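A structural walkthrough
Now for the letters of each chain:
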Amino acid sequence: VKALETTIKIRPNPFNPITTIVVKVKGDGKGKGEGSVGIYSLTGSLVETLHPSPSTFHPGQQRYAWTAASYPTGIYIVKATIGSKIYTKRVTLMR
């Protein structure tokens, strides 16, 4: 299976307390990959799972709303694992 090109967009960023995370998987419509999407602290601890693993990703957009009202102000990492590739993007929670 050909590798799928993937991008992560986060709006708004910085945010308080809700942000939308869009994981866009580009492909020819024939490819798919297993993967997951999670939010991690800067120490590498999993904070929240948005898309559990293993789950199938098909080309297109997956949208997730992250409500971080119970988390402290700080920088977090959105990590999308699609097949054997890992994509990350920084997001900032401000109070």
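As shown above, the structure is provided for reference.
Here is a short report on the structure shown in this document. This structure is a prediction, so every number in the text was calculated from the model and none was measured.

What follows deals with the overall build of the protein. Scanning the protein from N- to C-terminus turns up zero helices and seven strands. For the protein, the α and β elements follow one another from N to C terminus as β-β-β-β-β-β-β. Its C-alpha atoms give the protein a radius of gyration of 13 Å, near enough to 12 Å, the size a compact globule of 95 residues would have. With respect to the principal axes defined by its C-alpha atoms, the protein has extents near 45 × 25 × 15 Å. Burial analysis of the protein (95 residues in total) assigns 37% to the buried set. A separation of at least 24 residues holds for 54% of the contacts in the protein among residues at least 6 apart in sequence.

Another aspect to go through is the nonpolar core. Within the largest apolar cluster, 21 residues are counted, with the highest numbers of intra-cluster contacts made by I8, I21, V23, V37, W66 and V78. At the level of secondary structure, the elements contributing two or more residues to this core comprise strand 1 (5-11), strand 2 (18-26), strand 3 (33-40), strand 4 (46-57), strand 5 (60-67), strand 6 (74-82) and strand 7 (85-93). Per element, the largest residue contribution to this core is four residues, and it comes from strand 6. Residue contacts for W66: discarding those within four places in its chain leaves F15, P17, I18, T19, I21, I39, V47, E48, L50, Y71, Y76 and V91.

What counts, and at which threshold
Residues numbered from 1 in each chain as written. Predicted model: local features only at pLDDT ≥ 70, side-chain atom pairs only at ≥ 80, totals over all residues. Heavy atoms only, no water. Helix = DSSP H or I, 4+ residues; strand = E, 2+ residues; numbered from the N terminus. Rg over C-alpha atoms; globule rule 2.2 N^0.38 Å. Buried < 20%, exposed > 50% of the residue type's maximum accessible area, 1.4 Å probe, protein only. Contact = heavy atoms within 4.5 Å. Core = buried A, V, L, I, M, F, W, Y, C linked by side-chain atoms within 4.5 Å.

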